[in-house]
Amino acid sequence: MVKLVIRTIMFCLFWQFSHAQVSQECVNAIPICSNTPINGGTNGFGADDFNGATSSGCLEQTLSGAIESNSAWYRFRTSASGQLGFNIGHNSNEDWDFALYQASDCSNLGEPIRCNFFDNSENKSFIGVGEDPTGDEDSVHYEDWLDVNAGEDYYLFINNFSNVNSGFSIQFTGDIWVTNPTDALDCSIINNLLGPPIAACENETIILDATTSGATGYEWYSDTGSGFQPISGATAPTYTVTGSAQYRVVVTTAMETIISDVQVGFTPVPVTAPVSDEIFCHIPDMMFDLAAKDAEALGSQDPDDFVVSYHSSQTDANLGINPLQKQYAKNSGQEIIYIRTTSMANPECYDTSESFVLDAIETPELTFSEEVVICESIGSVQIGETIPNPGFTYQWSNGEQTPTITVSEEGEYTLTATNSSSGSSCETSRTVTVSVSTVPSIADVSIDVQDLRTNNIVTIITEGDATNLEYRMDDGAYQSSNVFEGVAPGNHKVYLRDIYGCGEVEDDIVVVGFLTTFSPNGDVLNESWHIEGLSELNSPIVTIYDRYGKLIKQMTEFDAGWDGSLNGQPLPSTDYWFKLSYMDENGNRVNAKYLQSHFSLVR
């Protein structure tokens, strides 16, 4: 790559000296229109540009007693509209602050529109406006993006608080550099023959051009830290730079001598190491930690000097846009991840030569029920995955190799589904417990008559395990409890069913009341035996027998009851039995079930 820096200017009857690459005075602020290389740092400050003020925006007095301590001033002008930001890169053990003023001269700076005065206790390497290039979205050292318009002037004040500094670089960022990559900032403000400071990448060709009309001689010098030294044989209008240094040209014309300085800084270009492919089993909502690949991509390179980002296309990686989140929400399937390794000192120095495959093999998901019941009346049931994936293999614990099987015995059955791809396999197992459910049966119904109004209790008693049964009375809803309260007297229908659909039974019951003991002794108490609630039944008939089955008495709802006699003769004290019949809804006479059908006569 050849970056040709051309500045051809006619100078008459005056000397031109370049601004120093770091200016301590606002009035001599270094004009810039692109990224700057790492400079040699700051040392003290000149005149107090804040005129003794104790603060300016977020800035406060430093250890010097003034706002400035080790300061540098820059200025720039926008030539396009859009989103603008910048990074100020520095050593992580140094404490730098900045303030940005929208102003056209130093005598009327006003309050800063962006400002940061946080200490660097977190050992960060960047402060600025926009986004931290390391990806730290929560950095307190970054202020919000700027929305700029063309023709706006800005002054940037950068100050070292701690008196420990080794220099810094300025890197401009934002969407404005996408829409206007070569003219986002106005370079016409730079009145220097060799132009603004130049941030270049290692192995990039930089040609300094001092071509001046009417020049009679050129002398080139370089300063690498020991003062300017002449460059042997460098007498042409242009000079091809070979290393980082401060360069000076002395141009002789018939009328004047022109001296111009410029800083050129070369940044090493990173080399991304080969990165291994990643193959793993995918689970829903999983996150893949791309940061875990950083060390592999950097190899032996210092992670403090370079940042690694990951992109979904080669174009995005080349442009350094749309980086993937380091905690990457990975869907199942295979994709290529493109790596960009970028210098923190100069984001124009990067490598996008490497990529790797991120292959998330779909892990089978089994959704069938883990509890299945065989209805005794049917004898078998199908279990397993009813909507299988044809790309998976299936293996049951009993040796069968189909997604579903039919079983007829209780027990536990385990299905393992496997998905194999790229030499790797992902599997999931799920166990189903099979039990047998018998047809429900009503063994008895307990009727607890309280007052023959609405406070009667009916309890349905079943045979065997009642865990999986539900109960209903008349037209009510099914319930898990076998007890019904508040039952009115009369004829009722009760239902019993298996919750797995293995059968349902129903039966009729009668809620009536009678004395279990009566004593016809002439004392007025319990002189007769009768059944209460008969009026709720259709054509009820009560038949009373002795223990030998002899008919003793037959009554209807209109009888007053039995007085304990047969043909006018008192019967002895003993137990007697009865039956209650009535007409059902179909006109058939039926006997009431589940009644305690005997009582005692006591004299």
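Everything in this summary refers to the structure shown in the same document.

**Remarks on the state of the cysteines**
Scanning the model with the defined rule gives six disulfides in all. Across a sulfur-sulfur distance of 2.0 Å, Cys-33 and Cys-187 are joined as a disulfide pair. An S-S torsion of about 90° defines the bridge between Cys-33 and Cys-187 as right-handed. Here Cys-33, found in the loop between strand E2 (30-31) and strand E3 (55-56), pairs with Cys-187, found in the loop between helix H1 (176-179) and strand E14 (198-201); they are 154 residues apart in sequence, far enough to count as distant. Owing to a relative accessible area of 32%, Cys-187 belongs among the partly exposed residues under this scheme. The partner cysteine of Cys-58 in its disulfide is Cys-115, sulfur to sulfur 2.0 Å. Between Cys-58 and Cys-115 the sulfur-sulfur dihedral comes to about -85°; the bridge is accordingly left-handed. Residue Cys-58 is found in the loop between E3 and strand E4 (59-60), and its partner Cys-115 is found in strand E8 (residues 114-116); the two are separated by 57 residues along the sequence. Residue Cys-58 is classed as partly exposed on the basis of its relative accessible area, which comes to 26%.

**What about the sheet that holds strand E36 (residues 469-473)?**
Pairing within the open sheet is antiparallel, and its three strands lie in the order E36-E38-E39. The open sheet has two edge strands with one neighbour each: E36 and strand E39 (504-511). On average, each strand axis in the sheet is inclined to that of its neighbour by 20°, with strand direction left out of account.

**Some words on the side chain of Asp-153**
Checked against the element boundaries, Asp-153 lands in strand E12 (residues 153-160). Since its relative accessible area comes to 19%, Asp-153 is described here as buried. Within the structure, Asp-153 has its side chain in polar contact with the side chain of Arg-77 (distance 2.7 Å). Apart from the residues lying within four places of it in its own chain, the contact partners of Asp-153 are Phe-76, Arg-77, Tyr-101, Gln-102, Ala-103 and Ser-104.

**What about the packing of aromatic side chains?**
Using the criterion set out here, one finds 27 aromatic pairs in the structure. Relative to Trp-396, the ring of Phe-368 has its centre 6.3 Å away and its plane inclined at 35°; by these criteria the two rings are tilted. Residue Phe-368 is located in the loop between strand E27 (355-362) and strand E28 (371-375), and its partner Trp-396 is located in strand E30 (residues 393-396); the two are separated by 28 residues in the primary sequence. Ring centres of Phe-514 and Phe-578 lie 4.9 Å apart, and the angle between their planes is 70°; on these two criteria the pair is classed as edge-to-face. Taken together, the positions of Phe-514 in strand E40 (residues 513-514) and Phe-578 in strand E47 (residues 574-583) put the pair 64 residues apart, joining distant regions of the chain. Overall, Phe-578 belongs to the buried group, its relative accessible area being 4%. Cation over ring: Arg-248 sits above Phe-228, and NZ or CZ is 4.1 Å from the ring centre. Geometry around Tyr-478 places Arg-497 over its ring, the cationic atom sitting 3.7 Å from the centre.

Conventions we followed
Residues numbered from 1 in each chain as written. Predicted model: local features only at pLDDT ≥ 70, side-chain atom pairs only at ≥ 80, totals over all residues. Heavy atoms only, no water. Disulfide = S-S within 2.5 Å. Helix = DSSP H or I, 4+ residues; strand = E, 2+ residues; numbered from the N terminus. Buried < 20%, exposed > 50% of the residue type's maximum accessible area, 1.4 Å probe, protein only. Pairing = 2+ DSSP bridges. Axes fitted to C-alpha atoms, helices over the stretch in contact; angles between N-to-C directions. Polar contact = N/O pair within 3.5 Å; in protein donor to acceptor, adjacent residues only side chain to side chain. Contact = heavy atoms within 4.5 Å. Phe/Tyr/Trp six-rings, centres within 6.5 Å; stacked < 30°, edge-to-face > 60°. Lys NZ or Arg CZ within 6 Å of the ring centre and 35° of its normal.

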